[in-house]
Amino acid sequence: AQLVESGGGLVQPGGSLRLSCAASGFTFSGYGMGWYRQAPGKQRELVAIISAGGTTNYADSVKGRYTVSRDNAKNTMYLQMNSLKPEDTAVYYCKILSLAYWGQGTQVTVSS
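Residues take numbers from 1 onward in each chain, read along the sequence in its written order. Thresholds applied to this predicted model are a pLDDT of at least 70 for local features of residues and 80 or more for the giving and counting of side-chain atom pairs; totals over whole chains, interfaces and linings are not thresholded and use all residues. The side-chain quantities take in all heavy atoms of the structure and omit both hydrogens and water.

Looking at the pairing of strand 8 (residues 76-81)
Sheet faces and side chains relate simply in a regular strand, where the side chains alternate between the two faces. In this scheme, a residue with accessible area under 20% of its type's maximum is buried, one over 50% is exposed, and one in between is partly exposed, where area comes from a 1.4 Å probe on protein chains only. Only DSSP runs of H or I covering at least 4 residues are called helices, and only runs of E covering at least 2 are called strands; the numbering of each starts at the N terminus. With five of its six residues buried, strand 8 lies for the most part within the structure. By this definition, two strands are paired if DSSP reports at least two bridges between them. Judged from the six bridges that link them, strand 3 (residues 17-24) and strand 8 form a sheet pairing that is antiparallel. The residue of strand 8 that forms the bridge with L17 is M81. Two elements, strand 7 (residues 66-71) and strand 8, share six bridges in a ladder whose sense is antiparallel. Across the sheet, Y66 pairs through a bridge with M81, a residue of strand 8.

Re the packing of aromatic side chains
The description of two aromatic rings rests on the distance between their centres and on the angle between their planes. In summary, the pairing rule links any two rings of Phe, Tyr or Trp, Trp by its six-membered ring, whose centres are within 6.5 Å, and it sorts them by plane angle into stacked for under 30 degrees, edge-to-face for over 60 and tilted for everything else. Enumeration over the complete set of coordinates arrives at four aromatic pairs. Between F26 and Y31, the ring centres sit 5.6 Å apart and the planes meet at 80 degrees, which makes this aromatic pair edge-to-face. Owing to a relative accessible area of 28%, Y31 belongs among the partly exposed residues under this scheme. These aromatic residues form a ring-pair network of at least three members: F26, F28 and Y31. Cation placement over rings: the criterion is NZ of Lys or CZ of Arg within 6 Å of the ring centroid and within 35° of the ring normal. Above the face of the Y93 ring, R44 is positioned so that its terminal group lies 3.7 Å from the ring centre. Geometry around F28 places R70 over its ring, the cationic atom sitting 4.4 Å from the centre.

Structural data, given as structure tokens:
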């Protein structure tokens, strides 16, 4: 299995970004997927998950600001991030929930 994140970058507070996670090498539609993030000096934390059937769940810190979605025809998961805050700065990773496969991560920096 392979996961490749993209879409990170530098954005001002209050701005938006959309991350993508392109999956290959497995039956994407059959697996729940998750977005995680790791800030400098902190542990990696779960941000959002989406089940194979499309059910979503979010960390309290991002609820109402982030939206996770998936396009099974494109084997891709997305994370729409709005109203970004400096504390959202981290490397964002995608993962197959039930397997030990991670992407390489994409850096998100929220700063003025």
